[in-house]
Amino acid sequence: VDEAFTVAEFDAELFHDWCTSTYTHHVGTLTFLSDGSMVYGAGDGSHFQGIDHGQPQDECTDPNGPKDQGVFLSQKDGYLRGKFIKIKASSLLKDQHLEVNTDYTVLSRGARNPFRNTVDPKTGDVYFGDVGSSVWEEINRLPNPLDNNGQVTNFGWPCIEGTNSVSDIFQNFLKMNRLDTCRDVYAGGSQQPAFTYRFGAVDPDFPTECADADASISGITFYTGAKLPSRYKGKLFWVDYSKKCGFWFDTRGDGTPDFSHAHAFMATVGAQSGGVTDVKTGPDGYLYVADYSGGKLYRVGDAADKEMEGLLLKGPPASVTNKENDLWIESTPNSYEWAFGDTVTYALESPTLRIDMAAVKWRVVNGHCVLNPCTGKQDCHFHEVSLNTQQSKGPGSSFKPSPHPMESYIKITATVPKPDGSGDMLTKELITHTIAYNYMILSDPPGLPIIFEELTCAASPCIASQMAKTNPGFAAQVVQAHMDELYVFSSWTSTNAATGRKKVVTTNLYEDVADSDYL
């Protein structure tokens, strides 16, 4: 490194192995693991139009070689195109080309155009966005590279795209030339994407937003800061260049991303908007999004964050004089991480305010919302949670949430006199949600009514949510008439969506344990 910047030179070239026929689908996504090793990923190095099976300008093309070169090298050993590799920490300091198995290992094959990647701080798994061709965008999971036991994951490209979409142009080329490049993939030897999307809206809650037909996933990260509300900590955020939007995933009970529903958190606007290309947690705890096309940098924070308000209106944080935001409720477990039977703690925290903690008063309520069939809107009401004297006064305490139909949540409120002696009161609230699991309720034949807890699924299939670790009950009439036919109850079949484990119950009344999503 030349600290005076008088000479531009590289310290060392470690690789010279990623050939390409064009300016796209090249190398460029890297991240570091906890042991100092580097995960480095590359695209297939081929041209994105037509079928690139090896072009003359591609220095990896052998004019006397087989016909499945170019894009097909993503599936072949001996090439790093379309691969993720793990480079040893010690090898990063070498001043020579690195050698496979000695300096680095191949983690995966079958990537098309991986643009960004991120490491799950809980599991060590690597997630990356793979920009698709004409059918699907993908988020893929690479099992923890520090504990993969030599496993090489195959993500399927160019043999398949998405979960099972076979590209006719590539398949027909292989058939015509009697090549078996994709034999293992077509036999089921590839890993399914964690999440796929493409045309139209991504978040069903906002059907008219982020609904561009085109798509190109361009940034991905786990949020590790503390400036967003606590429910977002540890969640997977990602952005899409073409849809000009950002999204996030909630987590399942085991703390891994729940890919069943992508939630939109931003949409760029204006003539020069769009082209968001990266998302990262800053060292200050805020979330930052780069807008390449619009030439902007977005800082994402809590709407109630007075420090952020000061940054926007007054300049540096030192200019913020309102310190009431330095008062908050700390609760464990975090939102969406507790279940029925768990103990939820709460405490009032402030690093700067002189709060009389003995004067703090607490209130806990259970909010419950149900769909009004007449208005189509959610009607919400509250149930008081009974607290004893120790729980209702002082710096904090704990309680055990009671079971309640979904959608429900807990609201914890703290009230305390302001420290300025004015007699005015400060009020802080925290809303925390239970882990919830979904049940897909179906009948055979479809359309028969089924009772779930206090609700009746008048014409299955239906989807119902249940508080984790509770015991949802199901009931069906022994004899039912449907479409001029009589049907006699036979059995329930409960399938755990996570494990595939099935349970058969032959009584028409059935009680389950909510420990996963079920079909």
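Described below are features of the structure shown in this document.

Rules used in this analysis
- Residues numbered from 1 in each chain as written.
- Predicted model: local features only at pLDDT ≥ 70, side-chain atom pairs only at ≥ 80, totals over all residues.
- Heavy atoms only, no water.
- Core = buried A, V, L, I, M, F, W, Y, C linked by side-chain atoms within 4.5 Å.
- Buried < 20%, exposed > 50% of the residue type's maximum accessible area, 1.4 Å probe, protein only.
- Helix = DSSP H or I, 4+ residues; strand = E, 2+ residues; numbered from the N terminus.
- Contact = heavy atoms within 4.5 Å.
- Pairing = 2+ DSSP bridges.
- Axes fitted to C-alpha atoms, helices over the stretch in contact; angles between N-to-C directions.

Our next topic: the nonpolar core. In this structure, Ile-329, Leu-348, Trp-362, Phe-399 and Ile-412 are the most contacted members of the largest nonpolar core, which totals 21 residues. Contributing elements (two or more residues each) for this core: strand S20 (344-349), strand S21 (361-371), strand S24 (408-417) and strand S25 (425-432). With near-sequence residues (within four places) excluded, Ile-412 lies in contact with Ile-329, Ser-331, Tyr-346, Trp-362, Arg-363, Val-364, Phe-399, Lys-428, Glu-429 and Leu-430. By size, the runner-up hydrophobic cluster in this structure holds 18 residues, among which are Ile-139, Ala-215, Cys-245 and Ala-262.

The four strands are arranged S12-S13-S14-S15 in an open sheet whose pairing can be described as antiparallel. Across the chains shown, the open sheet's two edge strands, defined by having one partner strand only, are strand S12 (217-222) and strand S15 (257-267). Across this sheet, the average inter-strand angle for adjacent strands is 25°, counted without regard to direction. Relative to strand S14 (residues 245-251), strand S13 (residues 236-240) runs antiparallel, the two sharing five bridges. The partner of Asp-240 across the bridge, within S14, is Cys-245.

Glancing now at unusual backbone geometry. A cis geometry characterises the amide bond from Thr-332 onward to Pro-333, with omega recorded as -10°. Relative to the helices and strands, Pro-333 is located in the loop between strand S19 (328-332) and S20. Cis geometry marks the peptide bond from Asp-444 to Pro-445, where omega comes out at 10°. Position of Pro-445 relative to the elements: it lies in the loop between strand S26 (436-441) and strand S27 (450-452). Although it is not a glycine, Asn-149 adopts a positive phi angle of roughly 50°. Here Asn-149 lies in the loop between strand S7 (137-142) and strand S8 (153-154).

This part is about the sheet that holds strand S5 (residues 114-119). Strand order in the open sheet made by the four strands is S5-S6-S7-S11, with antiparallel pairing throughout. Sheet topology places S5 and strand S11 (195-197) at the edges, where each strand pairs with a single neighbour. Between one strand axis and the next, the sheet turns by 15° as a mean value, whatever way the strands run. Judged from the five bridges that link them, S5 and strand S6 (residues 126-130) form a sheet pairing that is antiparallel. Looking at the pairing, Asn-117 lines up with Phe-128 of S6.

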